[in-house]
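Spelled out from the first residue to the last, the chains are:
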Amino acid sequence: MKDRERLYVATIAQCGNITKAAEKLYMAQPSLTQSLHRIENAYGVSFFHRSRSGLRLTDEGRLFLDAAARIENIYTLMESELCNLTSTHTGSLKLGTTVFLGGILVPQIMRHFQNRYPNVGLDMIEYSSTQLEQLLVEKKMDIALMHRPFYKYDLEYQSLYHEEFLLAVPTPAGNVIPEKLNAKKLPVITAGQMRKYAFVMMNANQRIRQVADNICTAACVEPKIFFHTSSFPTALSMVRSGFGAAFVPKSFAYYYWDHQPAYYYRFPEGWKAEWELVAAHRQNLTLGKDLLGLVQVLQETIANMPEVFRV
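All of the points below concern the structure found in this document. This is a predicted model, so every value here is computed, not measured.

So, how was this worked out
- Counting of residues starts from 1 at the beginning of each chain's written sequence and follows it residue by residue.
- Reporting in this predicted model follows two pLDDT cut-offs: at least 70 for local features of residues, and 80 or more for side-chain atom pairs to be given and counted; totals over whole chains, interfaces and linings ignore these cut-offs and use all residues.
- Side-chain metrics in this entry use all non-hydrogen atoms of the structure; hydrogen atoms and water are not considered.
- Both cavities and pockets are sets of points on a 1 Å grid over the protein atoms alone; in a cavity a 1.4 Å probe fits but cannot get out, in a pocket the set is open with protein on both sides within 12 Å along at least five of seven lines, and lining residues sit with an atom within 4 Å of a point.
- Grid points are joined across faces, edges and corners, and a volume is the space filled by probe spheres set on the points.
- Every helix listed is a DSSP run of H or I at least four residues long, and every strand listed is a run of E at least two residues long, numbered separately from the N terminus.
- In this count, Pro and Cys sit with the nonpolar residues alongside Ala, Val, Leu, Ile, Met, Phe, Trp and Tyr, while Asp, Glu, Lys and Arg are called charged and the others, Gly among them, polar.
- Think of a salt bridge as a Lys or Arg side-chain nitrogen and an Asp or Glu carboxyl oxygen that are within 4 Å of each other.
- For the exposure calls, accessible area comes from a 1.4 Å probe over protein chains only, and a residue counts as buried if that area is under 20% of its type's maximum, exposed if over 50%, partly exposed in between.
- In plain words, nonpolar cores are sets of buried Ala, Val, Leu, Ile, Met, Phe, Trp, Tyr and Cys residues tied together by side-chain atoms within 4.5 Å.
- Every residue pair with non-hydrogen atoms within 4.5 Å of one another is taken to be in contact.
- When DSSP finds two or more bridges between a pair of strands, those strands are recorded as paired.
- Any pair of Phe, Tyr and Trp rings, taking the six-membered ring for Trp, is counted once the centres come within 6.5 Å. Such a pair is stacked with planes under 30 degrees apart, edge-to-face with planes over 60 apart, and tilted for the rest.

## Regarding empty space enclosed by the protein
- Scanning the model with the defined rule gives one cavity of 30 Å³ or more in all.
- In this model, the largest cavity occupies a volume close to 40 Å³.
- What lines the largest cavity is simply Val200, Met201, Met202, Ile208, Ala212, Phe232, Ala235, Ala246 and Phe247.
- At the level of secondary structure, the elements contributing two or more residues to the lining of the largest cavity comprise strand S7 (198-202), helix H8 (207-219), helix H9 (232-240) and strand S9 (246-249).
- Of all the elements, S7 adds the most residues to the lining of the largest cavity, at three residues.
- A per-class count over the lining of the largest cavity returns nine nonpolar, no polar and no charged.

Following this line, the structure appears as structure tokens:
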């Protein structure tokens, strides 16, 4: 199917008359008539009902134009994707991140990206996970550095880091906080032990709270919540002061260890106490060279911080 064939049939259908269609196409009427007959003969069908009132598309004619339109759209999409994959971006990319991740990763990300892509700007903003999801869907952001499970939207993503959650508790009587944190050697808590604690919980719109609720459901524990906060350092301070327990991603525990060490438990494996750090983007977004490069920078930045992002 050639572009010219679709143009001829579509114009005749629009005008309903060979003469008017030929004028619109700047062609001689006999030449357009011959072209139409040639196209119809090639497919072995008639595209038009012919009557005194003019030309009207047959079912075969409508099928031809519909198929031609789909082919054209596919071709246009292919050209756009090829352009994205081969071109060099000289504008700017927008990367969103959560407050915690921004605090420890933004300088390293900016430095690595600027060294590798000096002609590409990188705009970074910090929001909550739920806000990042919304901005991605609204096409106001290219990539978001955030955690799964997602809260509301079905996004596409590249996985960067899997990690487990720990439970920070007031130091039990007769125990001491170790000098260094070794998550693999922590004791495993039981549901019965969990029920003895009151809990400091993050606010409902935060991803840590979503995972914490999932853990409680898996453990069949109805948590006694006595304090809500949006600040993770505040939650750890409350734990260290003996007010209750808090759910802590392993990377957070390592990052805050020097200033706010705590007594930690691990969760049983079957409770699926974990989340996944990802580079998220809206569905059907073609990642061009620069977006793929940004994802690689994120992967390398995380890999270069083993003191926080430990296996």
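## Here we look at the pattern of salt bridges
- Tallied over the full model, the rule gives eight salt bridges.
- For Glu133, the salt bridge is made with Arg207, and the minimal N-O distance between the two is 2.9 Å. With a gap of 74 residues between them, Glu133 in helix H6 (residues 129-137) and Arg207 in helix H8 connect regions that are remote in the sequence.
- Overall, Arg207 belongs to the buried group, its relative accessible area being 3%.

## Things to note about the nonpolar core
- One finds Leu167, Met194, Phe247, Tyr264, Phe267 and Phe309 to be the most contacted residues of the largest nonpolar core, which totals 73 residues.
- Of all the elements, strand S6 (residues 156-169) adds the most residues to this core, at seven residues.
- If we skip the residues at most four places from it in the chain, Phe309 touches Leu101, Ile104, Leu105, Tyr161, Ser251, Leu277 and Ile302.
- Membership of the second largest hydrophobic core comes to 16 residues, among which are Ile12, Leu25, Leu32 and Leu55.

## With respect to the pairing of strand S11 (residues 274-281)
- Among the eight residues of S11, seven are classified as buried, and the element is accordingly described as predominantly covered.
- Across five bridges, the pairing between strand S5 (residues 143-148) and S11 is antiparallel. Across the sheet, residue Ala144 finds its bridge partner in S11, namely Ala280.
- With eight bridges connecting them, S6 and S11 associate as antiparallel partners. The residue bridging Gln158 from the neighbouring strand is Ala279, located in S11.

## Details of unusual backbone geometry
- Note the cis peptide between Arg148 and Pro149, where omega equals 10°.
- Here Pro149 shows up in the loop between S5 and S6.
- The phi dihedral of Lys272 is positive, around 50°, even though this residue is not glycine.
- Take Lys272: it is sitting in the loop between strand S10 (263-266) and S11.
- Residue Lys272 is classed as exposed on the basis of its relative accessible area of 64%.
- The backbone of Asn284 sits at a positive phi, close to 65°, despite the residue not being glycine.
- Its location among the elements puts Asn284 in the loop between S11 and helix H11 (289-303).
- Taking relative accessible area as the criterion, Asn284 reaches 70% and is therefore assigned exposed.

## Considering the layout of surface pockets
- When its volume is computed, the largest pocket comes out at roughly 400 Å³.
- Residue lining of the largest pocket: 20 residues in total, with Thr98, Val99, Phe100, Gln206 and Ser230 positioned closest to the centre.
- Those elements that place two or more of their residues in the lining of the largest pocket are helix H5 (99-116), H8 and H9.
- The residue inventory of the lining of the largest pocket, partitioned by class, reads 10 nonpolar, nine polar and one charged.

## Focus: the packing of aromatic side chains
- Evaluation of the coordinates by the stated rule reveals 21 aromatic pairs.
- Ring geometry for Phe150 against Tyr157: centres 5.9 Å apart, planes inclined by 75°, an arrangement best described as edge-to-face.
- Relative to Phe227, the ring of Phe226 has its centre 6.4 Å away and its plane inclined at 40°; by these criteria the two rings are tilted.
- Here Phe226 falls in the partly exposed class, since its relative accessible area comes to 37%.

## Examining H6
- Ser129, Thr130, Leu132, Glu133, Leu135 and Leu136 are the residues of H6 that are buried.
- Looking at the buried positions of H6, the neighbouring elements they touch are strand S3 (92-97), strand S4 (121-126), S5, H8 and S11.
- Count one or two residues on from H6 and you reach Lys139, which has phi positive near 65°.

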